[in-house]
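Listed below, chain by chain, are the residues.
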Amino acid sequence: MLHGKLIFHPGEEYQVGKRFWQGCPTIQRTLRGTLFAGWYSGGFGEPSLSNYNLLVRSRDGGLSWSDPLLVIESLREEATIAIDIQLWMDPLNRMWLFWTQRHLRIPAAEPGHLELWAMVCDDPDAETLHWSEPRFITPGFLRCRPTVLSDGRWLCCAYDWLGNRYHYSESRDNGNTWIRKEAGEKMPTDFDESMILERTDGSLWMLARCFAGVLAESISTDGGEHWSPGAPTRIPSPFSRFFLRRLQSGRVLLIKNDHPKSRIQMTALLSEDDGRSWKYSMVVDPRETSYPDAVEGPDGTIYMIHDRGRTTFREILCSRFTEEDIIAGHLVNFDSYVCQIISKAPAVPWDAAVAKAAAEDDSKMRKAYFS
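Quantities reported herein were computed from a predicted structural model and do not represent experimental measurements.

Trainee: With reference to specific residues and values, describe the nonpolar core.
Mentor: Core analysis: the biggest nonpolar cluster contains 54 residues, and Trp96, Leu244, Leu253 and Ile326 have the highest contact counts within it. Among the elements that line this core, the one with the most residues is strand β15 (residues 204-208), at 5 residues. Those residues in contact with Leu244 that lie beyond four places of it in its chain are Met195, Leu197, Trp205, Leu207, Val252, Leu253, Leu254 and Trp278. By size, the runner-up hydrophobic cluster in this structure holds 18 residues, among which are Tyr52, Val56, Ile305 and Tyr337.

Have a look at this one:
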């Protein structure tokens, strides 16, 4: 198996001034307070054989960010695209960097078209990051962080975008090995992007994207042995990525576009009854935005990231708030903020000749693999 090209000292060609678009971000916080963010860019859009994932760092709570520390680039000669980075701190305080690879020479309906890869950093607070060798994790497409269950199992929702059932992978040995699992029958969708919450009664609640203008759900009451068929919830969603996680307080945090059709009203919601109702909410960004990810710090601070206008505004945005802010419905803490731009690509990133050549290259790729 081949993995994307790892570039540990990214050059000028990966700086923000050379990006035509950027989006699909992820965020993570270490025990000592270092923040990391990642997203993908490259070429004229997604998908492209010029796509790459990038990793940046903040040591001041998200107020300023580094240039790329690491780039995972597509393998053009192998027609393999590196897409959708996901960061995660595991219970052993190791930082995982996951990414999905799409092999264009393998038909989309066949196994091997999508693969999830990862590498691990044992000390993410170090000045120089040292990573394990990249390794294949599981088939599928990952767009959310894993869930750790009370019995120690790790669930990773790398989904099968063409099958008629929800899929995830399970590890019982701290991520050394992964077993492929099936959940319930899907509601109609192209991209599941599912997430799993363990409820206080021990049941597993999976939420997923669907075309119905709401989130879909599948439930297991026996630890994942059996799952209910996918069914619509009453949670509005415009067929876009969302974020779901239990907080240290016991409340459940859901971040999503709070609209049934449009990717607007990016909203943080809190539930005190395991997602059966959502008593508190705060609009983080009323504009057209997408793809939230978040992490909670030891003091309860929530760090959130999302994108705005991948090919238009080209913005990656960071917010910092608390449960107290969400309960109030607006920011009440002095240190809270929303929608700080941490990266904005220019409208014309480089000279016309280079832009024309890149556009022609992308056009050839799309004709070869997507026509």
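Picking up where we left off.
Trainee: Go over the sheet that holds strand β2 (residues 22-29) with me, naming the residues and quoting the values.
Mentor: The 5 strands are arranged β1-β5-β4-β3-β2 in an open sheet whose pairing can be described as antiparallel. Here the strands that pair on one side only, and so sit at the sheet edges, are β1 (5-7) and β2. Each adjacent strand pair in this sheet contributes to an overall mean axis angle of 20°, direction not counted. As judged from the 3 bridges shared by β1 and strand β5 (residues 70-73), these two strands associate in the antiparallel manner.

Trainee: With reference to specific residues and values, describe the side chain of Ser171.
Mentor: With respect to the helices and strands, Ser171 occurs in strand β12 (residues 165-171). On the accessibility criterion, Ser171 (1% relative accessible area) is buried. A polar contact of 2.8 Å, which involves the side chain of Ser171, links it to the backbone nitrogen of Gly175. From its side chain, Ser171 meets the backbone oxygen of Thr177 in a polar contact 2.9 Å long.

Trainee: Can you explain the pairing of strand β16 (residues 214-220)? Please cite residues and give values.
Mentor: With 6 of its 7 residues buried, β16 lies for the most part within the structure. Alignment of β15 against β16, held across 5 bridges, turns out to be antiparallel. Of the residues in β16, the one forming a bridge with Met206 is Ser218. Connecting β15 to the next strand, β16, in antiparallel fashion are 5 residues, including Gly213 with a positive phi near 85°.

Trainee: Summarise the packing of aromatic side chains; cite the residues concerned and give the values.
Mentor: Enumeration according to the criterion identifies 15 aromatic pairs in this entry. Summarising the aromatic geometry, the rings of Trp96 and Phe98 are spaced 5.4 Å apart at their centres and angled 20° between planes, so their arrangement reads as stacked. The burial state of Trp96 is the same as that of Phe98; both residues are buried. Note on Trp161 and Phe191: the rings are 5.9 Å apart at their centroids and 55° apart in plane angle, and the pair reads as tilted. Of the two residues, Trp161 sits in the loop between β11 (154-156) and β12 while Phe191 sits in the loop between β13 (179-185) and β14 (195-198), which places them 30 residues apart along the sequence. What makes Trp161 buried here is its relative accessible area of 14%.

Calculation notes
- Residues numbered from 1 in each chain as written.
- Predicted model: local features only at pLDDT ≥ 70, side-chain atom pairs only at ≥ 80, totals over all residues.
- Heavy atoms only, no water.
- Core = buried A, V, L, I, M, F, W, Y, C linked by side-chain atoms within 4.5 Å.
- Buried < 20%, exposed > 50% of the residue type's maximum accessible area, 1.4 Å probe, protein only.
- Helix = DSSP H or I, 4+ residues; strand = E, 2+ residues; numbered from the N terminus.
- Contact = heavy atoms within 4.5 Å.
- Pairing = 2+ DSSP bridges.
- Axes fitted to C-alpha atoms, helices over the stretch in contact; angles between N-to-C directions.
- Polar contact = N/O pair within 3.5 Å; in protein donor to acceptor, adjacent residues only side chain to side chain.
- Phe/Tyr/Trp six-rings, centres within 6.5 Å; stacked < 30°, edge-to-face > 60°.

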